[in-house]
Structures are given as C-alpha cells and as structure tokens.
Amino acid sequence: MSRRGIVVELLVPVVLVVLILGGYVWWRETANLNPTELRQLDWATIRGEAWEHIKLTVVSSVLVVLIAVPLGVVLTRRGMTWLSPIAVGIANIGQSAPSIGLIVLFYIWLNVHPFWTGFRVTVLTLTLYGILPVLRNTITGLRGVDRTLVEAARGLGMSAPARLLRVELPLALPVIMAGVRTTLILVVGTATLATFIDGGGLGDTINSGIQLYQFSVMVAGAVLVVALALVVEWVGRVLELVIRPRGV
Amino acid sequence: MSDTTRPVEATQTQAEPPGASGPGEVSGAEIVLTDVVKRYAGQDAAAVGGLTLTIPAGEIVMFVGPSGCGKTTSLKMINRLIEPTSGTIEIAGKDIRTQSENQLRRQIGYVIQGGSLFPHMTVEKNIAIVPKLLGWDRSRIHDRVTELLDLVGLDPERYRNRHPRELSGGQQQRVGVARGLAADPPVVLMDEPFGAVDPITRQRLQDELLSIQRELHKTIVCVTHDIDEAIKLGDRIVILREGAEVAQYDTPEVVLSAPADDFVADFVGAGSSLKALSLARVEDIELRHPTTAKVGDAVAKVTEQARANGDTAVVVLDDRGRPVGWPWLRQLRGDRIVRPEGELIDVDIRSTLNDALDSMLSSSHGAAVVTGERDQYLGVVDFDAVTTHIRLLEEQRGE
Ligand SMILES: Nc1ncnc2c1ncn2[C@@H]1O[C@H](COP(=O)(O)OP(=O)(O)OP(=O)(O)O)[C@@H](O)[C@H]1O
Ligand SMILES: [Mg+2]
C-alpha cells in the first residue's frame, strides 16, 4: 500500500473517534440530565469502566498470543500437522458457542472458588473466545513461508530453533498480526458481556441503562464502547504496521 | 585487496574446514562418493542408484543431465539435506556422518537458484548468517561482508544495508554467492545458481564465478541443465542419465571431442565445432593494448598520446585499475576525463571465445575490453584475433 493510503487509513478512525467523543462530551455537558443519568454517567465512573474494559481486552489478547502462537508453531512442526485440524476445530467451537452462554456457564461453574472473580472468569472466556484467529493465522502464516527459504536456512546450518525464530516467524509475522488484530476487535466487543458476571467494563453502563429504563444511559454506554472498539482496532492496525519486518 | 584480509586465515580459529590452506593454494577439499543410493519412499526406481564419484580438491565439477535424473538429490546428499539410503560420502577423507548436520553444513557453502535470500534481512545480515552461527565477532563479520561484496562486484557501502527486494535478480544472485562463501568453506554446492537470470547477466555471473574461483580454489559442485554452462564453468563435467547413472565424467574437451556414447553425443548436441569456441578462452589469444587513461587525466594529453599510438578511442580506468568506459576520442569533452555514463560490457580473461564474440557484437568497437582478477584491466580482444585463432584451430584439426 502507498504511504498516502496508509496515512489516510490511520487518520480516518482518529477523526471518527474525536467526533464521537467530542459529541458525547458536548451532550454530557449541555444536556439537561436527571439525577439518575448524572449518577450513571459520572466522569469518574465512566473512566473506571473504560479502564476495566481496556484491561480485560489487553490481558485476554496477550494471553491469546501467548497460547495461540506457540500452539500454532507446535502444530506446524513435522509429524504434528495431523493434529492441527483437530485444534482448529476445537477453537472453532470455542468461537461459535454463544459468548454470553459461555461466560455465564464458566461463572456458575468456577465462581465457587474465590480465585475466580468476575474479572478473571471474563478473561478466561475472552481468551478462549479469541484464540481462533491467532491460531489459524499462525498456522496459515507458517505454512505460507516459502519452503525454499526454509531449506536454504537448513542448508546454511541453522538449527531448528534458529530457523523458527529468525526465518519462519519473521516471515509469518504479517499474517499472524492480522490474526491478532481480528482477535482484538472480537475481544473488545465481547468484553461488554463482563457486566453480567460482575466483571466490570463499559457493559456496566449499558446494563444499568437497561435495568433503570434510562434509554440515554444505555445509548451513551453503547457509543462509548464503539469509540473504544475503534481505538483498539486502530492500535491493532498500528501494531501490524510497526511490527511488520522491513523488506517483507 | 591485501593478503592479510584474505578469508582463508579467517576460519583458522573456528571450526577449521578440512583441507583449508593458505591463499593462492588449493583451499578446497576432495569429495568422494561411494556407491551412494537414494530411494524415496513410495517410489520403485531409485532417484540415485549407486553413484560413485571422486571430485578433486579445488576443481569445479558440473553435474548435467535431463530433468529428474537426480542431480539435485545427489548434490543435497553432500550437505545432508537429503540422507542417502545407503553408501558413504567423504569430504577430505572424513565421513560426513561423523559430525552433526549443522556443523557440517556450516563448512559447506550452499548457493541456490535466485539466491534464495531472506527478504526480511539486509544484504549484510544475509551474508553474515554462517559467520554468526560460527560465533565470529562483529567487527570481523563487518570486514568479511565488505570483502565479499567487493569480491562479487557490489559496492559494499551502497548495498550492505539494502533489502533483497531492492536488488535486481543478478544482484540477488551475487549476494547469494557471497553468502555461500561467507565462512570461507572448502566446499561449495550450487544448484542451478544462474538459472533465474537473463542470458547477459548469466554470462557476467559465470565470468565472475570463474574469476573468484581463480582466487579461492574451492571445490565447487554445481548443478546445471545447460550444457554450455557446464562446458564453460567446469574443470570436469559429469553427465548423468536417469537414476544419476554416470554417462561420462571427463574434462569438457574430452566430452566434446569424444562423447562416450549416443546419449552423451545427443546431450552435448549438434554444432560441436562451434561449441569448440566455448572451449577456447580469451586467455589463449593475444590481447591488443590500446591507449588507456585514468579518470581525472587531462583530456589534451590523453588525446595527443592516443593520436601518437594511432588509436581513435581510449580505455578509461578508475582509480583501482578497473575499466569503466571506452569512449571515442571525439566523445572526450572538457578538461579532464570523467567517468563515462552507462556500463561498460567487458569480458573476463577466462571467458570463452563464444562469450567474447557476443560482447564484441554488442560493442561499436567490434572488440571487447578484457578484465582479470577483481576486474583489473588487461587489454582488448578483437574480431581479427578471434578469427585468426579459429583458423589456427581448423588447421590443427585438419592435420
Ligand atoms: N522429496 C522427494 N520425494 C519423492 N521423490 C522425489 C523427491 N525429490 C525428488 N524426487 C524424485 O527423484 C528424482 C530425481 O529428482 P531430482 O530433483 O534430484 O532431479 P534433478 O536432476 O535435480 O531434476 P531438475 O533438473 O528438474 O531439477 C525425480 O524423479 C523426482 O521426481
Ligand atoms: Mg534439480
């Protein structure tokens, strides 16, 4: 893609987010709000929820990468490839199961133990839910590495770990990062459900809007989630560009 | 380039290659294949059915033969990219199975079609791979990369930090050769190294390889399906048929003049008297020595000198004695000789007369500038000299 294309692509979400947030702040400061609305949309509350939401997203996504990339590597090693359809199949089930069901089931099942707070159960669910894109792209990316290059690396006397770290993974990185971006988007949206098991996040605002029949609060929460999702997607795109090895 | 920076001393401390010796001498190692068989799983016929061959130290041996006859398989067994089903391979008298695969491969250069450079690494990083694996320190690697880029005719400072996709096909291939030579291995394996470039670039790369080999004296095993390339590059040629069965193993001269059987004769092809032109080399011919000038010389003085010699053109050399242009006197402008535009097409002293004729035809001088080691200027070869030489050959043949 041209430099200009990239700049435009990176600029559009920034403009959008500024417009959305600007609109929200303007509405919040000028509209005539009732006491319930004022309490629910208190700045400190919103900030806290946004921070929880980001924590849920980042922690789950990091866990996804830590699990899915090594798993993808193992599944593409010689003699293991027959396992990869099975693993992808399982990850597929994880993703297609209704996330709301998954999160509640896990909570009921695990919450008997004090370790499993709402936050942790949410992270567990989001991690399982987000594994598929990274796993699939790691496998696809590694399989897509030019075989002659891998053989050239062997011919030069690079050991198997060196080949993996210095040739295969760098060359597969763009594809893996595309998977990471998909996971980020998936996770930031799904994290809204954390509210049902007391896991925090901006879902709390939406939920209280529903509970209290305050339409404005519900919409405000939704708008803020959209803005955060745009930011996360933007960060994913930047990561993709920054981490891509030069020359590939 | 002084002898102190020669690569040969470089390997003395680390993983000393068998048979390495001082510069100028043979630094290659002998390779002996004994009854080597490779049978791929699920195939009736063996891809290599009992190959026995001795490849002398310091020579270029070319493997030629029809597609699928087992050239690549035979080559890859030497660096254990493929394990033989049976048989033994020795390098410098040592069975290659006595050390680990990776140890072995770090002592054997490997060059493949198109260069197979790693796209995410710079030219420098690509070349430095094996030295790094051998634990060389950074300044030594840096110096070595400079030296190798110089050797393969790429300006080190201009190219070392580029990525492969910023290079032409021929330049990538040059870097591929440099990478194969990086740790100064006694043995270099090449699989159709110049298969992916255009004919003119291929000819230059071949010339450069010959020039490098004249300096380094490696043992080079090179696979090709181009018989002309085999004749040009090979000290010896192995002609293989199906199952890597040796049809003939001899010098190019003998293969051309006395093919072992119909298969070889067919493979070598018709027009073998013309092919004989690929046997005679520029070095067999007397060179002409027209007036030369250095970049920066006074034009007036050069012109005067050329007129006195009866020349209408001068060969311009750079400060390192490499030819950079061959302008006619009327093209000389200004006070000082400047570096001419465009690239001068020159031929290596070891080039075949075939290649020299090619270059002459594309030059307005009806002659070609001849270079030796590291592109040093040697003289000029022209049509007359070549035709005289052909006549001489014909006469000898007639007798
Ligand atoms: N990995 C493999 N598995 C099975 N058969 C193979 C394998 N590699 C090569 N072969 C077979 O072994 C034979 C020799 O192959 P090889 O690659 O050595 O031929 P080659 O002489 O290098 O051919 P080319 O000139 O086309 O490169 C062929 O019949 C080929 O189909
Ligand atoms: Mg081949």
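Please read these numbers as outputs of a predicted model, since none were measured by experiment.

Peer 1: Tell me about the overall build of chain B, and name the residues and values.
Peer 2: Along chain B, the regular secondary structure elements total 16 helices and 16 strands. The C-alpha atoms of chain B give a radius of gyration of 23 Å, which matches the 21 Å a tight globule of 399 residues would have. Of the roughly 17,300 Å² of accessible surface on chain B, a fraction of 48% belongs to carbon and sulfur atoms. Separation between the mean location of the 44 positive side-chain charges and that of the 60 negative ones in chain B comes to 6 Å.

Peer 1: Any details on helix α6 (residues 118-143) of chain A? Residues and values, ideally.
Peer 2: Note on helix geometry: an α-helix contains 3.6 residues per turn, so any two residues three or four positions apart are oriented the same way. All names here are of chain A. Here α6 is 26 residues long and its end C-alpha atoms lie 38 Å apart, about the 38 Å a rise of 1.5 Å per residue gives. Where α6 bends most, at Ile131, the angle is about 40 degrees, and the proline Pro133 comes one to four residues later. Of all 26 residues making up α6, 19 are buried, and the element is well covered by its neighbours.

Peer 1: Pulling in residues and values, what's your account of the interface of chain B and chain A?
Peer 2: Bring the parts together and some accessible area is lost; that lost area is often taken as the interface size. Opposite the 23 residues of chain B that make contact, chain A presents 19 residues. Summing both sides of the interface, chain B and chain A together bury roughly 1,900 Å²; the carbon and sulfur share of this comes to 59%. Three residues, Leu81, Phe118 and His120 of chain B, lead the burial of chain B against chain A; their summed loss comes to 28% of the area buried on that side. Counting the contacts that link chain B with chain A gives one salt bridge. Inspection of the region where chain B meets chain A yields six residue pairs in polar contact (both at pLDDT 80 or more). Only α3 (101-106), β6 (108-112) and α5 (129-133) of chain B provide two or more residues apiece to the side of chain B that touches chain A.

Peer 1: Before we move on, can you summarise the site of ligand 1 with the specific residues and values?
Peer 2: Residues and elements named next belong to chain B. In the neighbourhood of ligand 1, the contacting residues comprise Tyr40, Gln43, Ala47, Ser67, Gly68, Cys69, Gly70, Lys71, Thr72, Thr73 and Glu192. Side-chain polar atom of Gln43 to a nitrogen atom of ligand 1: 2.9 Å apart, as the coordinates give it. For ligand 1, whose free accessible area comes to 630 Å², the fraction covered by protein is 59%. Taken together, the residues that form the shell around ligand 1 break down as three nonpolar, six polar and two charged.

Peer 1: Describe the sheet that holds strand β13 (residues 323-325) of chain B, and please don't skip the residues or the numbers.
Peer 2: All names here are of chain B. A sheet is described by the order of its strands in space; here three strands give the open sequence β11-β12-β13, paired in mixed fashion. Single-partner strands in this sheet number two, and they are β11 (292-294) and β13. This sheet shows a mean twist of 45 degrees between the axes of neighbouring strands, independent of strand direction. Bridge analysis of β11 against strand β12 (residues 315-317) gives three bridges, and the strand direction is parallel. Note on β12: the bridge partner recorded for Thr292 is Val315.

Peer 1: Let's hear about the domain arrangement of chain B: which residues, and what values?
Peer 2: Residues and elements named next belong to chain B. Domain annotation of chain B identifies domain 1 (31-270) and domain 2 (283-394). For domain 1 and domain 2, the distance between their C-alpha centres works out to 32 Å. Counting residues at the interface gives 11 residues for domain 1, matched by 16 residues for domain 2. A buried area of about 1,300 Å², summed over both sides, lies between domain 1 and domain 2, and 33% of it is on carbon and sulfur atoms. If you sort the residues of domain 1 by the area they bury against domain 2, Gln203, Arg204 and Arg214 come out on top, with a joint share of 41%. Taken together, the connections running from domain 1 to domain 2 amount to six salt bridges. Scanning the region where domain 1 abuts domain 2 turns up six residue pairs in polar contact (both at pLDDT 80 or more). Among the secondary structure elements, those contributing two or more residues to the side of domain 1 that touches domain 2 are α6 (138-151) and α9 (199-216). For the side of domain 1 that touches domain 2, the leading source of residues is α9, giving seven residues. Residues belonging to the side of domain 1 that touches domain 2 are distributed by class as follows: two nonpolar, two polar and seven charged.

Thresholds, definitions, all that
- Residues numbered from 1 in each chain as written.
- Chains lettered and ligands numbered in written order.
- Predicted model: local features only at pLDDT ≥ 70, side-chain atom pairs only at ≥ 80, totals over all residues.
- Heavy atoms only, no water.
- Helix = DSSP H or I, 4+ residues; strand = E, 2+ residues; numbered from the N terminus.
- Rg over C-alpha atoms; globule rule 2.2 N^0.38 Å.
- Areas by Shrake-Rupley, 256 points an atom, 1.4 Å probe, with all protein chains shown as cover.
- Lys, Arg positive; Asp, Glu negative; His and termini not counted.
- Charge placed at Lys NZ, Arg CZ, Asp CG, Glu CD.
- Expected span 1.5 Å × (residues − 1).
- Bend = angle between axes of the 7 residues up to and from the residue.
- Buried < 20%, exposed > 50% of the residue type's maximum accessible area, 1.4 Å probe, protein only.
- Contact = heavy atoms within 4.5 Å.
- Buried area = accessible area lost by both parts, 1.4 Å probe.
- Salt bridge = Lys/Arg side-chain N within 4 Å of Asp/Glu carboxyl O.
- Polar contact = N/O pair within 3.5 Å; in protein donor to acceptor, adjacent residues only side chain to side chain.
- Near = heavy atom within 4 Å.
- Nonpolar A, V, L, I, M, F, W, Y, C, P; charged D, E, K, R; others polar.
- Pairing = 2+ DSSP bridges.
- Axes fitted to C-alpha atoms, helices over the stretch in contact; angles between N-to-C directions.
- Domains from an automatic or database assignment.

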